[in-house]
Amino acid sequence: MTDFNAIKRDIAPELEELRRSMSDALKSSNPLMTKVVEGYLDSKGKLIRPVLVILTAKLLGQVSPKVIESAAAVEMLHNASLIHDDVVDDSKLRRGKPTINSIWDNHIAVLVGDFFVSSALQKSISTGDIRIVESLAKLGKLLSIGEIDQIYNARNHRLDEESYFTVITRKTASLFVSCVEMGGYAVGAPENLIEPMRKYAHLLGLCFQIKDDIFDYFSDEKIGKPTGNDLREGKITLPLLNALSRTDLPQTADMLALVEKDELTASEIATLIQFAKDAGGIDYAFATMKRIGDEARRQLDIFPDSPARKALDDIIAYIINRNI
């Protein structure tokens, strides 16, 4: 399996600059805000999104302060969306670590999320590139619309793949697209080189969300959410969507009746999870993810061999094969 930590080690100086940039942007005169933000930054994730900004800049040009500011902006907006999502979902854990709303409360978590949004906008403005500001602003809208789409689909029991892919394009893939777009803008790359990177990032984001959705069908404390949590919230993801399309199976009609319910019991959730597995939904999701990953890899074919291109290629394998 691809070692993502090895990719990060190769760009360690740039990631250290990123951390300094974010830390500076999130400074506050309020001791409570400082304590919450510092605690959050100490539990940072894998930094996949800013890594994409930096690697795109390396692929299309050279890393500069403008690249680092762009990476900091998009990562802070991403953090804001996670903080707000945890409030909406009443999540106590994220990737096995306590959320801000569980440590403090929803009121503080919302305000901290807002603080991250404002700091992200300031960082984007500091680049002096209106395209970067526009990319970040557009991203914020898409993330919000994607989450609302998901809620709407759950409440109206929309059970088609087209609706599913529309949601994950907006709520997940849009973030990956903005990362490579901002990386390209920051180095002044021409549009004919930025566009294939957008396609690559869109496909990569789809793979990322499909893998996240597969996790929901298996128990693993590292993931930070209980098995079946998506179903508990009314979200029908790709493995079960595919299983429900199996009209050749005698139990499909009963399963369709279950997902039409407004609230599911633990036993019903377990039944649906097992149905998705037995009907081949998990295998279908993995095959779909691999096909999309192969298509993402082909987008890199126009670029000459380089460490950055190899790293971008390796990230596809990492996302598909990751365990968390």
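Reference entry: report on the structure contained in this document. (Residues numbered from 1 in each chain as written. Predicted model: local features only at pLDDT ≥ 70, side-chain atom pairs only at ≥ 80, totals over all residues. Heavy atoms only, no water.)

Time to look at the packing of aromatic side chains. Scanning the entire structure with this criterion turns up four aromatic pairs. An angle of 20° between the planes, with centres 4.9 Å apart, marks the rings of F4 and Y318 as stacked. Within this pair, whereas F4 is found in helix α1 (residues 4–10), its partner Y318 is found in helix α16 (residues 307–321), the two being separated by 314 residues in sequence. This pair shows no difference in class: F4 is buried, exactly as Y318 is. Ring centres of Y40 and F116 lie 5.6 Å apart, and the angle between their planes is 75°; on these two criteria the pair is classed as edge-to-face. Taken as a pair, Y40 in helix α3 (residues 31–42) and F116 in helix α7 (residues 106–126) lie far apart in primary sequence, 76 residues in all. Grouping residues by exposure puts Y40 and F116 together as buried. Of note, R49 hangs over the ring of F208, and the distance from its end group to the ring centre comes to 4.9 Å. (Phe/Tyr/Trp six-rings, centres within 6.5 Å; stacked < 30°, edge-to-face > 60°. Helix = DSSP H or I, 4+ residues; strand = E, 2+ residues; numbered from the N terminus. Buried < 20%, exposed > 50% of the residue type's maximum accessible area, 1.4 Å probe, protein only. Lys NZ or Arg CZ within 6 Å of the ring centre and 35° of its normal.)

What follows covers a nonpolar patch on the surface. Taken together, L32, I103 and W104 make up a surface patch of nonpolar side chains, about 270 Å² in accessible area. Within the secondary structure layout, W104 lies in the loop between α6 (100–103) and α7. Given a relative accessible area of 32%, W104 falls into the partly exposed group. (Patch = residues over 30% accessible without salt bridge, like charges linked within 9 Å, V, L, I, M, F, W, Y side chains within 5 Å. Areas by Shrake-Rupley, 256 points an atom, 1.4 Å probe, with all protein chains shown as cover. Salt bridge = Lys/Arg side-chain N within 4 Å of Asp/Glu carboxyl O.)

Between its first and last C-alpha atoms helix α15 (residues 281–298) spans 26 Å; for 18 residues at 1.5 Å apiece the expected length is 26 Å, and the two agree. Within the sequence span of α15, burial applies to G281, I282, A285, T288, M289, I292, G293 and A296. Projected down its long axis, α15 carries its buried residues within an arc of 135°, all on one side. (Expected span 1.5 Å × (residues − 1). Arc of directions from axis to C-beta.)

One can describe the packing of helix α5 (residues 65–89) onto helix α8 (residues 130–155) by two numbers: an axis separation of 11 Å at closest approach and a directional angle of 20°. Compared by their axis directions, α5 and α8 come out roughly parallel. Two packed elements cross with a definite hand, and for α5 against α8 that hand is right-handed. Note on element contacts: α8 touches α5 through I132, L136, L139, G140, L143 and E147, opposite K66, S70, A73, V74, L77, S81 and D85. Residues of the contact of α5 with α8, tallied by class, amount to seven nonpolar, three polar and three charged. (Axes fitted to C-alpha atoms, helices over the stretch in contact; angles between N-to-C directions. Parallel < 35°, antiparallel > 145°, perpendicular 65-115°, else oblique. Left-handed = near helix turned anticlockwise from the far one by under 90°. Contact = heavy atoms within 4.5 Å. Nonpolar A, V, L, I, M, F, W, Y, C, P; charged D, E, K, R; others polar.)

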